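# Notes for the structure review
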Amino acid sequence: MIDRKHIGRVSGAHTVEVEKGRLRFFARSIGETNPIYYDEGAARAAGYRSLPAPPTFVFCLDLEKDNPFKDLDEMGINLGKMLHAEQSFTYHAPICAGDAITIENRVSDIYDKKGGALEFVVKDYTARNQEGTLVAEMRCVLVVRN
Amino acid sequence: MSTVDFETINVGEAVPSFTTDPISRSTLALFAGASGDHNPIHIDIDFAKKSGMDDVFAQGMLSMAYLGRLLTNLAPQKAIRQYGVRFAAITNLNDRITCSGKVLEKFEKDGEQLVRLELTAANQTGDVKLSGQAVIAVAKN
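Reading the values: rules and limits
- Residues numbered from 1 in each chain as written.
- Chains lettered and ligands numbered in written order.
- Predicted model: local features only at pLDDT ≥ 70, side-chain atom pairs only at ≥ 80, totals over all residues.
- Helix = DSSP H or I, 4+ residues; strand = E, 2+ residues; numbered from the N terminus.
- Contact = placed C-beta atoms within 7 Å.
- Buried ≥ 20, exposed ≤ 12 C-beta atoms within 10 Å, placed from the backbone.
- Pairing = 2+ DSSP bridges.
- Axes fitted to C-alpha atoms, helices over the stretch in contact; angles between N-to-C directions.
- Nonpolar A, V, L, I, M, F, W, Y, C, P; charged D, E, K, R; others polar.
- Parallel < 35°, antiparallel > 145°, perpendicular 65-115°, else oblique.
- Left-handed = near helix turned anticlockwise from the far one by under 90°.
- Core = buried A, V, L, I, M, F, W, Y, C linked by C-beta atoms within 7 Å.

## Comments concerning the overall build of chain B
Across its full length, chain B carries three helices and five strands. Helices and strands in chain B line up, N terminus first, as β-α-α-α-β-β-β-β. Considering only contacts within chain B whose residues lie at least 6 apart along the sequence, 66% involve residues at least 24 apart.

The structure is reproduced here in structure tokens:
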């Protein structure tokens, strides 16, 4: 069982730069073909400062910290037994190449179903840009199959 | 750039769907690198077997990114207000994912005209892998 003491656990803020090459690689890996995700001229013509990060990319920014699975390790969660149960994003402003995004997260709940056979961890994240603007919020629900 | 006129689209109406190429091991390896999700369960068959799985399987976020393309095909990305999914089943190797959606509701909030879409990602046999919703602002002409 995951110790419920971890509810409220805050993962310290980390800041990551949004890189053009990485955005293009991501866009390619998901089969995106719209030129605004590859060509800065096209992105600017569409009203973005530079290449926009695709809608789910903010999730990837959190994985850029030094040891992205450290929090899970410290909660005793085995990666091989974990699945993504739910994921949601609320968008407030675009994230573009060149931005420095600061991400923080908090474990907002841990609960179980089926007599503990399934345990759920709910994490809420905020992402702010270099101007301190809240650009996105996200919620990630992980399920551990015990 | 919008392929759908949200001002005139009706509740219940479907938006244009698409189907991906089959998901290969290369797809998973490239997405692991591009997304930064290096969880070996998706790229290392030895690790997957040790964890009790028959083989590696797709990152949930890969299918969510595919389904996100349905949204960015429809509307400027800046118009997307919310996007969320529940992962209903594991997406396997060789699955071809069909991303589809329909209008659930049209409403106004904080002076903005919004459309709520119901979203589904399913494989070639119709097994639903992701179900979700998105809220998109209607572009003003």
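## Regarding the overall build of chain A
Counting secondary structure elements, chain A contains four helices and five strands. The order of helices and strands in chain A, counted from the N terminus, is β-α-α-α-α-β-β-β-β. In terms of overall dimensions, chain A has a C-alpha envelope of 55 × 30 × 25 Å along the principal axes. Relative to its full complement of 146 residues, chain A shows a buried share of 33%. Considering only contacts in chain A between residues 6 or more positions apart, those separated by 24 or more positions represent 68%.

## Topic: the sheet that holds strand β1 (residues 10–17) of chain A
Ordered in space as β1(A)-β3(A)-β4(A)-β5(A)-β2(A)-β2(B)-β5(B)-β4(B)-β3(B)-β1(B), the 10 strands form an open sheet in which the pairing is antiparallel. At either end of the open sheet lies a strand with only one pairing partner, and these are β1 of chain A together with β1 (14–19) of chain B. Here the strands of the sheet are splayed against their neighbours by 20° on average, with no regard to which way each runs. Here 11 bridges tie strand β3 (residues 100–113) of chain A to strand β4 (residues 118–128) of chain A, and the two strands are oriented antiparallel to one another. In the sheet register, R106 of chain A faces β4 of chain A, and the bridge partner there is D124 of chain A.

## Digging into the interface of chain B and chain A
Interface size, as often reported, equals the accessible area lost upon joining of the parts. Contacts between the two partners involve 33 residues from chain B, matched on the other side by 30 residues from chain A. Of all the secondary-structure elements, those providing two or more residues to the side of chain B that touches chain A are α1 (25–35), α2 (45–50), α3 (60–74) and β2 (80–87) of chain B. Per element, the largest residue contribution to the side of chain B that touches chain A is 10 residues, and it comes from α3 of chain B. Classifying every residue of the side of chain B that touches chain A by side-chain character gives 16 nonpolar, 11 polar and six charged. Summarising the sheet, strand β2 (residues 82–91) of chain A and β2 of chain B pair through five bridges and their orientation is antiparallel. Directly across from S88 of chain A, in β2 of chain B, lies its bridge partner G84 of chain B.

## Quick notes on the pairing of strand β5 (residues 128–137) of chain B
All names here are of chain B. Relative to β5, β2 runs antiparallel, the two being bridged by seven bridges. Across the sheet, residue R86 finds its bridge partner in β5, namely S131. Here nine bridges tie strand β4 (residues 112–122) to β5, and the two strands are oriented antiparallel to one another. Paired with L114 across the bridge in β5 is A137. Taken together, β4 and the strand that follows it, β5, pair antiparallel across an intervening segment of five residues, in which G126 is found at a positive phi of about 90°.

## Brief notes about the pairing of β3 of chain A
Working note: regular strand, side chains alternate between the two faces of the sheet. All names here are of chain A. Where β1 meets β3, six bridges bridge the pair, whose relative direction is antiparallel. Among the inter-strand pairings, S11 is bridged to a residue of β3, identified as N105. Remark: four residues form the turn of the hairpin made by β3 and β4, two consecutive strands paired antiparallel; K114 in that turn has positive phi of roughly 55°.

## Some thoughts on the packing of helix α1 (residues 20–29) of chain A against α1 of chain B
The packing of two helices is summarised by the inter-axis angle and the distance between the axes. Contact geometry for α1 of chain A and α1 of chain B: axes closest at 9 Å, N-to-C directions at 150°. Between α1 of chain A and α1 of chain B, the crossing angle belongs to the class labelled roughly antiparallel. Judged by the sense of rotation from one axis to the other, the crossing of α1 of chain A with α1 of chain B is left-handed. Facing F25, F26 and S29 of chain A of α1 of chain A, the residues of α1 of chain B in contact are L30, F31, A34 and S35 of chain B. Broken down by class, the residue content of the contact of α1 of chain A with α1 of chain B amounts to five nonpolar, two polar and no charged.

## A look at the nonpolar core
In terms of nonpolar packing, the biggest core is built from 63 residues, with V58 of chain A together with L67 and I136 of chain B touching the most fellow members. At nine residues, α3 of chain B tops the list of elements feeding residues into this core. Those residues in contact with V58 of chain A that sit more than four places away from it in its chain are A53, F89, I95, A127, A136 and M138 of chain A. Counting five residues, the second-largest nonpolar core is a separate cluster that includes I2, V121, L142 and V144 of chain A.

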